[in-house]
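Listed below, chain by chain, are the residues.
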Amino acid sequence: MAEKPDVKALVETMPDLDSRKDKKGKVHTTGKLTGPKWPDAEKVYEAILDGGREAVAAVVDLLEPIDDGRDYKARYVLAGLAAFVCRDGREKHRAVYDEALASRLGGDRPKPVRAFLLRQLQTAGDKSAVAAAGKLLLDEDLCEPAAQALVAIDPKAAGEALRRALPRADGPRRLTIVQGLGVVADAASARALREALGDADREVRIAAGWSLARLGEDGSVEALMKAADAKDRWERIQAARACLLLAEKLRAAGKGTEAARLYKHLRDTRRDESERYLREAAERALAPST
Amino acid sequence: MTKRGLTTTRRRFLKGTAAAAATVTIVPAHVLGGPGKTPPSETFGGALIGCGGRGGGTFNDLKRRHKLNVRRLASCDVKFVGKADNKKVYTDFRRVLERKDIDIVAIATPPHWHALISIAAMAAGKDVLCEKPMTRFIAEGRAVADAARRYGRIFQIGTYGRFGMSRNDKNRMTRKIMTSGLLKPCEAAYVRRGGFKVKMWSGRVNVAPAPVPKNLDWDLYCGPSPLKPFHPPRHGGTHRWYWDYEGGGLGDMGQHHLDPLTWLFGKDGTAPVEVEASAPPAHPEVAGMWAWVKLRYADGFTFVLESGEWGQPGGTTSRGVKLEDLDEAGRQKLKAMPDPEPLVGFGEAVRTRKQPGGDAEAAHRTACIMHLANIAIRTGRKIRFDPVAEQIVGDPEANRLVNPPMRAPWHL
């Protein structure tokens, strides 16, 4: 049986913080870190990864609840591992890394630590991390890093997880999820997003409009035209933007007639002098190409 | 121009309505009196968003450098909590952009806000002068360029080296050769050594969190970037240390050094296809040291950036471009081609609606160089990039850094 690596000792081999000498020869730390050369770092990473999931988890267990520099070596190693396991031929090591981090996302581990782990999974996570990250979508503090990790790792799986969470989400979590559905252009969320155009929260309405534009469906033309008639000036500007974004997508998909409806709506409703630029943008888009 | 011939297509006479929130009325010349008065079509309402170290200088460039008659009607910064009146002083840029009397916005926030505020400003009908670096990541630049085109707005990046570069005949010949498509293969290379402030902007990793200052809206400061505990260096000039807001010395100085060169070598419509870096493994929060980055374009041209502050040089020598690099037939073809057009300044662009030199597309292509360099440093891998699709090829994990998700409600 392979010997378990001394993870703490391996992490400690990372360089100390940079230092400088003052005029009297006294050494001061600068607080900056010049890391090792890659070949030296790779030896450490290999040794940890060869120790399996438990060895990587042991690095995680070295993290302090607050990022105040005491655990800079452990954080540095975890980030270096994330880059290392994404190399070609490192699939087995990547599975070890992802499983170890995913295993540490639950429980009562401090949230700042779990947020840090989610960001490393955003770099190196694969499908194995989706379930664990998905469970955090309704957490007040971890919804955002979880959503960001999910959309980076696997847009399709992220769409499913976000869609499932949406009915139970409120407040900032609802906003994050509505926007996340747009990031991954989750077509199955179209109806839910159209409903969100009527949300009490202005930011949710704006996010829903943007997300629907990202989906690029002609079924949303009517809804976005209506949203573009908002009275609130910021919302009106953003809703017009959603109309233009959707129109561009529709045109690119060969649905020029539907795109033209959006442009005509903006042309016809932006009559105030302050909105002339939008009218002109719509007119340019409607002009026949020569 | 007669009184009746005056037009106010963009510079408008304001009505003092409650919805306008403006306290200044721009009065047309026909009210003030004729000769010697600036006509209203030449008078602009301006706003400064980001009032830190570079803010005043950026706004003053509108007048000093770009010769625009602009009045600062609004100043906005997330550190104005407690003194914002939402009439002249703001913490929330959205309130500024809602104003109908603002025509031009100068943006001098930290870079993680540059793209979003630029896009929002153009979506609100404003022209934009934006401090460098243009963006924090690649997809932002494309979104800004698209917005400028979509709304018919003028965007200018706040670095001007390409203007000086373009006034030199030898440089104009270099650009002409490089953009002609006649130089095959291209063996030119340019090595930029030093000037990236690498050590200065490599970050400290042992900073303890602290209470958020009472005058700072920390949530709005973080904006699209992750909301993390407040560490004092994250705000103020040392924001440059952090991947969340900038990207070290490459982020800070790259656009200055590289923008004239992308003009010179005709690379302001494309991006490198292969990028390799020599650097230690990157820290997850802060930029660190690096030795060199090599960026090769599809035509063979190569930029090499050397920090001069760590590690060994890249081993490449600069090699310029000469007319003699073309054969006789090529030289004849080149002669028949038009010379590079003079670059249009921001002031002229605003007045005439011509695209300025340093427009969004050109600035984005320059910023791509810095971002690809940082991606190669952060991943520790050689990167291949498709400059048309603007995606990293064959490395989906590295590609996650091309368009990382933003914190809601912020999005491109």
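Just so we're clear, the structure is a prediction, and the values are computed from it rather than from any experiment.

**With respect to the overall build of chain A**
Regarding its fold elements, chain A presents 16 helices and two strands. Relative to the globule expectation of 19 Å for 290 residues, the C-alpha radius of gyration of chain A, 25 Å, shows a markedly less compact shape. Dimensions along the principal axes, computed over C-alpha positions, put chain A at roughly 70 × 50 × 40 Å. Within the span of chain A, comprising 290 residues, buried residues form 49% of the whole. Summarising the internal contacts of chain A: among those between residues at least 6 apart in sequence, 59% fall at separations of at least 24.

**Digging into the overall build of chain B**
Check the secondary structure of chain B and you find 13 helices and 12 strands. The C-alpha radius of gyration computed for chain B amounts to 23 Å, which stays within 12% of the reference 22 Å derived for 412 residues, consistent with globular compactness. Dimensions of chain B, computed from C-alpha atoms along their principal axes, come out at roughly 65 × 60 × 30 Å. For chain B, the residues scored as buried account for 54% of the 412 residues in total. Counting only contacts in chain B whose residues sit at least 6 apart along the sequence, the fraction spanning at least 24 positions is 71%.

**Observations regarding helix H16 (residues 276–286) of chain A**
Listed in full, the buried residues belonging to H16 of chain A are Tyr-277, Leu-278, Ala-281, Ala-282 and Ala-285 of chain A. The buried side chains of H16 of chain A occupy one side of the element, clustering within an arc of 140° when seen end-on. Check the buried side of H16 of chain A and you find it contacts helix H14 (233–252) and helix H15 (256–269) of chain A together with helix H5 (138–151) of chain B.

**Describing the sheet that holds strand S8 (residues 274–278) of chain B**
Residue and element names in this part refer to chain B. Ordered by their spatial adjacency, six strands build an open sheet running S7-S10-S9-S8-S11-S12, and the pairing between neighbours is mixed. Unpaired on one side and paired on the other, strand S7 (189–193) and strand S12 (391–393) mark the two borders of the sheet. Taking the axes of each pair of neighbouring strands and ignoring which way they run, one obtains an average angle of 20° across the sheet. Here S8 pairs with strand S11 (residues 383–386) via two bridges, running antiparallel. Paired with Glu-274 across the bridge in S11 is Arg-384. Its contacts with the sheet put helix H12 (residues 360–379) on S8, strand S9 (292–296), strand S10 (302–306) and S11, and the angle it makes with S8 is roughly 55°.

**Some remarks on the domain arrangement of chain B**
Residues and elements named next belong to chain B. Here chain B is partitioned into domain 1 (29–160) and domain 2 (163–340 + 356–399). Listed per partner, the contact involves 30 residues of domain 1 and 33 residues of domain 2. Of all the secondary-structure elements, those providing two or more residues to the side of domain 1 that touches domain 2 are H5 and strand S6 (155–157). No other element matches H5, which puts six residues into the side of domain 1 that touches domain 2. A class-by-class count of the residues in the side of domain 1 that touches domain 2 yields 17 nonpolar, eight polar and five charged.

**Topic: the sheet that holds strand S1 (residues 43–49) of chain B**
Residue and element names in this part refer to chain B. The strand order across the open sheet built from six strands is S3-S2-S1-S4-S5-S6, with neighbouring strands paired in parallel fashion. Single-partner strands in this sheet number two, and they are strand S3 (89–90) and S6. Alignment of strand S4 (residues 104–107) against strand S5 (residues 127–130), held across four bridges, turns out to be parallel. Paired with Ala-106 across the strands is Leu-129, a residue of S5.

**Focus: the confidence of the model for chain B**
All names here are of chain B. Averaged over chain B, the pLDDT score is 92; the fraction of residues at 70 or greater is 90%. Within the model, pLDDT remains below 50 along residues 1–37, and this stretch shows 52 contacts once partners closer than five positions in the same chain are excluded. Taken over the whole predicted complex, pTM reads 0.94, whereas the ipTM for its chain interfaces reads 0.97.

**Digging into the nonpolar core**
Ranked by size, the top nonpolar core spans 203 residues in total, and within it Ala-133, Leu-224, Cys-243 and Leu-246 of chain A together with Ala-373 of chain B carry the most contacts. A per-element tally of this core places H12 of chain B first, with 12 residues. Counting only domains with at least three residues in this core, you end up with domain 1 (29–160) and domain 2 (163–340 + 356–399) of chain B. Not counting residues up to four positions away in its chain, the partners in contact with Leu-246 of chain A are Leu-212, Ala-213, Gly-216, Ser-220, Val-221, Leu-224 and Leu-262 of chain A. Listed in part, the 12 residues of the second largest apolar core include Ile-177, Met-178, Cys-186 and Trp-263 of chain B.

**Examining the interface of chain A and chain B**
The parts lose accessible area when they come together, and the size of an interface is often stated as this lost area. Listed per partner, the contact involves 49 residues of chain A and 40 residues of chain B. If you list the elements that add at least two residues to the side of chain A that touches chain B, you get helix H2 (38–50), helix H4 (72–84), helix H6 (111–124), helix H8 (143–153), helix H10 (171–183), helix H12 (202–215), H14 and H16 of chain A. For the side of chain A that touches chain B, the element with the highest residue contribution is H4 of chain A, accounting for six residues. Along the lines of polarity and charge, the residues of the side of chain A that touches chain B split into 26 nonpolar, 11 polar and 12 charged.

**With respect to the packing of H12 of chain A against H14 of chain A**
Angle between the axes and distance between the axes are the two parameters that describe a pair of packed helices. Residue and element names in this part refer to chain A. The N-to-C vectors of H12 and H14 enclose an angle of 10°; their axes lie 8 Å apart at closest approach. Considering their axes alone, H12 and H14 lie roughly parallel with respect to each other. Contact residues: H12 offers Arg-202, Arg-205, Ile-206, Gly-209, Trp-210, Leu-212 and Ala-213, while H14 offers Glu-235, Gln-238, Ala-239, Ala-242, Leu-245, Leu-246 and Lys-249.

Rules behind the numbers
Residues numbered from 1 in each chain as written. Chains lettered and ligands numbered in written order. Predicted model: local features only at pLDDT ≥ 70, side-chain atom pairs only at ≥ 80, totals over all residues. Helix = DSSP H or I, 4+ residues; strand = E, 2+ residues; numbered from the N terminus. Rg over C-alpha atoms; globule rule 2.2 N^0.38 Å. Buried ≥ 20, exposed ≤ 12 C-beta atoms within 10 Å, placed from the backbone. Contact = placed C-beta atoms within 7 Å. Arc of directions from axis to C-beta. Pairing = 2+ DSSP bridges. Axes fitted to C-alpha atoms, helices over the stretch in contact; angles between N-to-C directions. Domains from an automatic or database assignment. Nonpolar A, V, L, I, M, F, W, Y, C, P; charged D, E, K, R; others polar. pLDDT = per-residue confidence, 0-100. Core = buried A, V, L, I, M, F, W, Y, C linked by C-beta atoms within 7 Å. Parallel < 35°, antiparallel > 145°, perpendicular 65-115°, else oblique.

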